Amino acid sequence: MQSDLNRNNWLDKLGVTATSLCALHCIFLPVLLPVLPLLGLSVVAEEAFEHFVLVASMVVGFIAIFSGFHRYHRKLYPFYSLALGGFVYASKDLLGETYEPVIVTIGAVLIIFAHILNIRLCRSCQSC
């Protein structure tokens, strides 16, 4: 079971990293936008790239949390945090560009919190 726990932690750590990078991308993109074409990275400014990274973060998060749920803890609240974070993150444009960094940060924190909850629940499993 220990190797399964390490694999699950690896997925959670990947999810935390991907979500953190996505949040940093959204927060700093307005500052870096003029420089991106000079570096050949204009694709990073595309909205499709943002959607891809968000979907990838949610898929990794779901797999990691489902794996922990199925093998170790049987608790649903990491799923709730992941879903709420994804919803908040995807709704970043509803209040306009002024509040976008705040909304992105809240969504990312909820997704990261889901991974942290999953790691802690997997490590504290008494029946494993």
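We now turn to the structure provided with this report. (Residues numbered from 1 in each chain as written. Predicted model: local features only at pLDDT ≥ 70, side-chain atom pairs only at ≥ 80, totals over all residues. Heavy atoms only, no water.)

**Concerning the overall build of the protein chain**
Summing up its helical and strand segments, the protein chain has five helices and zero strands in all. Of the regular secondary structure in the protein chain, the N- to C-terminal order runs α-α-α-α-α. Summarising the internal contacts of the protein chain: among those between residues at least 6 apart in sequence, 73% fall at separations of at least 24. For the protein chain, the exposed surface amounts to about 7,800 Å²; the carbon and sulfur share of it is 71%. (Helix = DSSP H or I, 4+ residues; strand = E, 2+ residues; numbered from the N terminus. Contact = heavy atoms within 4.5 Å. Areas by Shrake-Rupley, 256 points an atom, 1.4 Å probe, with all protein chains shown as cover.)

**A few points about the pattern of salt bridges**
Two side chains of opposite charge can pair, provided their charged atoms sit close to one another. Following the criterion strictly, the structure yields three salt bridges and no others. As a salt-bridge pair, K92 and E50 come within 2.8 Å of each other at their nearest N and O atoms. Pair noted here: K92 is in the loop between helix 4 (77–90) and helix 5 (100–123) and E50 is in helix 3 (residues 47–73), with a separation of 42 residues, a long-range link. Judged by relative accessible area, K92 falls into the buried class, the value being 9%. Here K92 ties to D93 by a salt bridge, and the two come within 3.7 Å at their closest N and O atoms. (Salt bridge = Lys/Arg side-chain N within 4 Å of Asp/Glu carboxyl O. Buried < 20%, exposed > 50% of the residue type's maximum accessible area, 1.4 Å probe, protein only.)

**Describing the packing of aromatic side chains**
Summed over the entire model, instances satisfying the criterion amount to four aromatic pairs. On the numbers, 5.7 Å between centres and 50° between planes, the contact of F62 with F79 is tilted. With F62 in helix 3 and F79 in helix 4, the pair connects residues that are 17 residues apart, well separated along the chain. Of the residues examined, F62 reaches a relative accessible area of 44% and is grouped as partly exposed. An aromatic cluster is defined as three or more aromatic residues linked by ring pairs; in this entry it consists of F62, F66, F69 and F79. Note that R74 overlies the ring of F69, its terminal NZ or CZ placed 5.5 Å from the centroid. (Phe/Tyr/Trp six-rings, centres within 6.5 Å; stacked < 30°, edge-to-face > 60°. Lys NZ or Arg CZ within 6 Å of the ring centre and 35° of its normal.)

**Remarks on the nonpolar core**
Among the nonpolar cores identified, the biggest contains 14 residues, and A23, I65, L82, Y89 and V104 are the most heavily contacted of them. Listed by contribution, the elements that provide at least two residues to this core are helix 1 (2–32), helix 3, helix 4 and helix 5. The contacts of V104, once residues within four sequence positions are left out, are A23, C26, Y89 and K92. (Core = buried A, V, L, I, M, F, W, Y, C linked by side-chain atoms within 4.5 Å.)

**Looking at the environment of L11**
Note on placement: L11 falls in helix 1. A residue is classified by how much of its surface remains accessible, and L11, at 11% relative accessible area, is buried. Along the backbone, L11 and S67 are 56 residues apart, and their C-alpha atoms lie at a distance of 9.3 Å. The residues contacting L11, other than those within four sequence positions of it, are V60, I63, A64 and H115.

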